[in-house]
Amino acid sequence: MDMKFKIFRFDPEVDSRPRYQEYDVSAEPGERILDCLNRIRWEQDGTLSYRMSCGHGVCGSDGMRINGVCALACQKLVKDYSGGEVLVEPLPFFRVVKDLVVDMEEFLEGIRRLHPYLLSTGDIPEKERFQSPEDRKKVDDVIRCILCACCTGACPVMLENRDYIGPAALVWAYRFIFDSRDGGFEERLKGVDFPDGAWACVNHFECTRVCPKSIPVTRSINTIKRAIEKVFPRRPD
Ligand code: SF4
Ligand code: SF4
């Protein structure tokens with residue numbers, strides 16, 4: 001297939017403003033968008049910058065916006081873009097470091113603030129902290145998160161409220177709030193119980209639509225809200 005790629009370009013060290021650059025690529029229908037970017041970089045323009053690592057939807061490093069939808073470039077196939085035109089842009093709301101590479105530091109710091117590790121209580125067990133298959137099921141979905149930031153890039157609330165902690169942070173909050181081995185249940189709920197925390201989500205479902213790991217992001221956020229309401233019931237005004 002003859003494909004036309006229109007790619008966002010911006011090098012803050014030399015460009016005064018972003019621009020778009022076009023590249024023609026010949027690709028097989030089963031090839032990935034990442035393959036096309038690699039071909040552009042290796043055969044046409046070595047200055048094009050983007051992140052990639054595993055190339056198989058595991059590392060989460062090649063999140064970008066493709067034809068207006070946040071996605072992993074390694075999970076999207078050429079045949080998904082039958083019109084032959086592909087617009088490639090960096091994830092929205094993130095500071096552009098260069099071209100398709102965005103600054104993830106604030107995003108990751110937001111997750112670090114939630115203590116993304118087990119907070120143990122009680123005596124240290126001799127062998128392991130046992131978890132039943134039923135309890136494990138409660139976090140089975142969210143444990144798949146690869147920190148690609150597609151959900152945060154797609155969330156319309158982020159456009160209006162940059163203080164919103166965002167869907168990915170809430171997925172990580174969920175992952176430990178509902179882990180039967182964690183000892184910080186109430187503290188963790190308090191950690192997301194504020195206007196720019198879980199309550200800023202207004203159920204747009206965009207995060208759920210774009211998550212490359214099929215995590216029910218919105219449902220997880222709503223489960224957190226219900227837990228907050230149950231544990232810290234508000235008095236009526
Ligand atoms: S469901 Fe919530 S977090 Fe997801 S896109 Fe909508 S507002 Fe954002
Ligand atoms: S919840 Fe899904 S879209 Fe969001 S960071 Fe995790 S894997 Fe990516």
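Residues numbered from 1 in each chain as written. Chains lettered and ligands numbered in written order. Predicted model: local features only at pLDDT ≥ 70, side-chain atom pairs only at ≥ 80, totals over all residues.

Student: A description of the sheet that holds strand S3 (residues 63-66) should follow, citing residues and the corresponding values.
Tutor: Ordered by their spatial adjacency, 5 strands build an open sheet running S2-S1-S5-S3-S4, and the pairing between neighbours is mixed. In this open sheet, the two edge strands, each paired with only one partner strand, are strand S2 (19-26) and strand S4 (69-72). When the angles between neighbouring strand axes are averaged without regard to direction, this sheet yields 35 degrees. For S3 and strand S5 (residues 85-89), the ladder comprises 2 bridges, and the chain directions are antiparallel. Each residue of the ladder has a partner; that of Ile66, found in S5, is Val88. (Pairing = 2+ DSSP bridges. Helix = DSSP H or I, 4+ residues; strand = E, 2+ residues; numbered from the N terminus. Axes fitted to C-alpha atoms, helices over the stretch in contact; angles between N-to-C directions.)

Student: Please provide a residue-by-residue account of the site of ligand 1, values included.
Tutor: Around ligand 1 lies a shell of 13 residues, among which Cys155, Pro167, Cys201, His204 and Cys207 are the nearest. The set of elements that each furnish at least two residues to the shell around ligand 1 consists of helix H8 (206-210) and helix H9 (217-231). At 3 residues, H9 tops the list of elements feeding residues into the shell around ligand 1. Along the lines of polarity and charge, the residues of the shell around ligand 1 split into 9 nonpolar, 3 polar and 1 charged. (Near = placed C-beta within 6 Å. Nonpolar A, V, L, I, M, F, W, Y, C, P; charged D, E, K, R; others polar.)

Student: Describe the site of ligand 2, naming the residues involved and giving the relevant values.
Tutor: Around ligand 2, the structure places 16 residues, and the nearest of them are Cys145, Cys148, Cys151, Ala168 and Cys211. Elements represented by at least two residues in the shell around ligand 2 include exactly helix H4 (150-154) and helix H6 (167-177). Top contributing element to the shell around ligand 2 by residue count: H6, with 3 residues. In terms of residue class, the shell around ligand 2 is made up of 14 nonpolar, 1 polar and 1 charged.

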